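Read off the chains here:
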Amino acid sequence: MKKRFYITTPIYYPSAKLHIGHAYCTTLTDVFARSKRERGFECYFLTGADEHGLKIEKNAEKAGVTPQEFVDNIVEGFYKLWDLLKITNDDFIRTTQDRHVKVVQDIFSKMLAKDDIYLGEYEGWYCKDCEAFWTDTQVGPDHLCPDCGRPVQKAKEEAYFFRTGKYVDSLLKFYDENPKFLVPESRKNEMINTFIKPGLDDLCVSRTSFSWGIPVRENPKHVVYVWLDALTNYITALGYDSDHPEKFEKFWQDPECETIHILGADITRFHAIYWPMFLESLGLRKPDREFIHGLLMMRDSKMSKSKGNVVDPYPLVERYGVDAVRYYLAREVSFGSDGSFTPEQFVERVNADLANAYGNLLNRTISMIGKYFQGTVPAYQGTVTEFDGSLETAIEVAITEYEKAMDDLRITDAIIAVNDLVNRSNKYIDETTPWALAKDESKQAELASVMNHLARALFVTSRLYHPVLVTAADKAFDQLGLPEDKRGYENIHDKHLLDNSATVKGNPLFPRLDANIEVPFIASLMNECK
Ligand code: ME8
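Residue positions are given per chain, counting from 1 as you read along its sequence in written order. pLDDT decides what is reported in this predicted model: residues at 70 or higher carry local features, side-chain atom pairs at 80 or more are listed and counted, and totals for whole chains, interfaces and linings draw on all residues regardless. Hydrogens and water are ignored here; the side-chain numbers use all heavy atoms of the structure.

## A few points about the site of the ligand
Just so we agree on the cut-off: Consider each residue's heavy atoms; a residue with any of them within 4 Å of a molecule or strand counts as near. The term polar contact refers here to a pair of N or O atoms within 3.5 Å; inside protein, the definition further demands a hydrogen-donor-capable atom paired with an acceptor-capable atom, and it admits residues adjacent in sequence only when both atoms are side-chain atoms. Here the open area of atoms and residues is found with the Shrake-Rupley method and a 1.4 Å probe, where only the protein chains shown may cover a residue. In this classification, the charged set is Asp, Glu, Lys and Arg, the nonpolar set is Ala, Val, Leu, Ile, Met, Phe, Trp, Tyr, Cys and Pro, and all remaining amino acids, among them Gly, are polar.
Around the ligand sit 24 residues in total, of which I11, D50, D266, H293 and L296 are the nearest. Between the ligand and the protein, one listed contact pairs a nitrogen atom with a backbone N or O atom of I11 at 2.8 Å. For the ligand, a nitrogen atom lies 2.7 Å from a polar atom in the backbone of L296. Bound to the protein, the ligand loses 95% of the 670 Å² it would expose on its own. Class assignment for the residues of the shell around the ligand results in 13 nonpolar, 8 polar and 3 charged.

## What about empty space enclosed by the protein?
Quick reminder of the rule: Buriedness for pockets is judged along seven lines, at least five of which must meet protein on both sides within 12 Å for an open set on the 1 Å grid over protein atoms alone, while cavities are sets there where a 1.4 Å probe fits but cannot get out, and lining residues have an atom within 4 Å of a point. Grid points are joined across faces, edges and corners, and a volume is the space filled by probe spheres set on the points.
A full pass over the atoms with the stated rule returns 1 cavity of 30 Å³ or more. A volume near 30 Å³ is recorded for the largest cavity. Surrounding the largest cavity, Y175, N178, P179, F181, L182, E185 and K188 form its lining. For the lining of the largest cavity, the class distribution of residues is 4 nonpolar, 1 polar and 2 charged.

## Some thoughts on the sheet that holds strand β5 (residues 132-134)
What counts is decided by this rule: Here, strands pair whenever DSSP counts at least two bridges between them. The secondary structure listing takes helices from DSSP runs of H or I that are at least 4 residues long and strands from runs of E that are at least 2 residues long, numbered from the N terminus.
Strand order in this open sheet of 4 strands is β5-β4-β6-β8, and the pairing throughout is antiparallel. What marks the edges here is a single partner per strand, and that holds for β5 and β8 (203-204). One ladder, built from 2 bridges, connects strand β6 (residues 153-162) with β8; its direction is antiparallel. Counterpart to F161 in the pairing with β8 is C204.

## Some points on the domain arrangement of the protein
Note the threshold: Residue ranges for the domains trace back to a domain assignment, done automatically or taken from a database. In what follows, a contact means two residues having at least one pair of non-hydrogen atoms within 4.5 Å. Accessible surface is computed with a 1.4 Å probe, and the buried area is the amount of it that two parts give up when combined, taken over both parts together. Salt bridges are defined by distance alone: a side-chain nitrogen of Lys or Arg within 4 Å of a carboxyl oxygen of Asp or Glu.
According to the domain assignment, the protein contains domain 1 (4-293) and domain 2 (341-491). Inter-centroid distance (C-alpha atoms) of domain 1 to domain 2 is 42 Å. In this assembly, 13 residues from domain 1 lie in contact with 14 residues from domain 2. Both sides of the domain 1 and domain 2 interface together cover about 1400 Å² of buried area, and 67% of this is carbon and sulfur. Three residues, V31, E38 and R39, lead the burial of domain 1 against domain 2; their summed loss comes to 42% of the area buried on that side. Across the pair D407 and K36 runs a salt bridge, and its minimum N-O distance is 2.6 Å. There are 5 residue pairs in polar contact (both at pLDDT 80 or more) connecting domain 1 and domain 2. Secondary structure elements with two or more residues in the side of domain 1 that touches domain 2: α1 (20-38), β11 (257-264) and β12 (289-293). Grouping the amino acids of the side of domain 1 that touches domain 2 by side-chain chemistry returns 6 nonpolar, 1 polar and 6 charged.

## Some thoughts on the packing of helix α13 (residues 343-373) against helix α15 (residues 411-432)
Selection rule: As a rule, the C-alpha atoms of each element are fitted with a line to give its axis, helices using only the stretch in contact, and angles between N-to-C directions run from 0 to 180 degrees. Should an angle fall under 35 degrees it is called roughly parallel, over 145 degrees roughly antiparallel, and 65 to 115 degrees roughly perpendicular, with every other angle called oblique. Definitions for this section: a left-handed crossing has its near helix turned counterclockwise from the far helix by less than a right angle. A right-handed crossing has that turn clockwise.
At their nearest, the axes of α13 and α15 sit 10 Å apart, and the two run at 45° to each other. Between α13 and α15, the crossing angle belongs to the class labelled oblique. Like other packed secondary-structure pairs, α13 and α15 cross with a definite hand, here left-handed. Across from D353, N356, A357, Y358, L361, R364 and M368 in α13, the residues of α15 making contact are N419, V422, N423, S425, N426, I429 and D430.

Listed below in structure tokens is the structure:
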């Protein structure tokens, strides 16, 4: 397995505030990056903002500010949201930054010089909301945008084109040789059957109908099409074609580094078809994996900024804390499938998994160690009760399953593996009945072993939950009395880790939520329901 990772989210449009769908993608990417780093791998994590395009130019005009002022203001909100959600990105790229603009112009020039880009005239169905041209077949008899469902208009303009035809065969060969490139794999057939087989038109890569974009150096009345501009962020942020290409060499070109793009199903076509072609045109490595996650629905329809039916993550985090929101996002919707956000499920998840299962396990264990052993975890003495062996096995199974699932980006499954261990540990308390052992002088060794095993199970669950429960897991370590230098993942298999640790009673990590109060509150955050 590779030891170095480069992982990216899409760069979101600062056309409006971000919603819970964006938080979903970024949080899951962060969970993966943190889990890798915690296990000792190097992981470089990039997110950013895609700041050009007609929609932004128009929104700025409506707001009476310049496009740059408009995006500056919204991007401030991106930073705040990622701070609030404790996202650990290593860099944040903005497509208006010099480091990006200059390189995009160079890339355009290189493609022109190679004759991969030529000047022509474009006529097609244009969706101004998605900033995409579509073919007759794609818009169908009603002339609706296949992405957002809005009416499209016939549009014609002088434009530059990228010769997709030149790269189709090698793209298909690349798919064949790299069956793990697109995850889930079904996306590959969708790309081939929906877009490639019907005949891929050359891609229009410039616009003259608006000016908020990167000017084509050779012909400045054209600006670079927003998708050619946007996709290249993944390499401009690393310093491709700059005076400092070290990161680019280390995290992109070096085959020892695994490059992973995480993106929503709405933008698969651009990432799975055009991006590998652009890279090939530039003579660069293609990404190793593109993980296509499903979209969060609000009730039945896709949540989207332009439809305005969104959930704002800020008040959710403010009221329930960063851990509850991260947990809900990572656990509720299987990464890769579509899912819906509902207030009832949010409250239910927090109560069932965090308050009742995990929080309660910690509470009960720390209370019992306090009561029976004056707050000192008894030392490990091997398997003493008849149930100790099976708990130890459950711990090892959880670690293995978690690592396997996380490596495959099956983040939901990784969490389920930890939940199983929490449930197993709670059951272990019922099986061993420590309150009964405590009444019997001859059962002291058993009681001590049960406390040690529970403390260890709590360390392991908290360690594995840590990439998701970024503050609560640390509080659990505090309550277990573990000093900073003993909390690392490298101790995960150490059975003696908690020996003689001095526990500290703390507040419950996750107070139970009252559904009668919280469900209406969350529903009030959902614009559609107002
Ligand atoms: O497409 N559920 O930006 P964007 C889950 N700038 N995820 C969602 C979602 C939902 N309802 N809505 C959005 C763009 N997302 C381009 C990207 S990349 C080179 C350029 C997430 O602001 C999901 O990851 O519209 C989706 O792919 C992305 O936000 C689109 O964000």
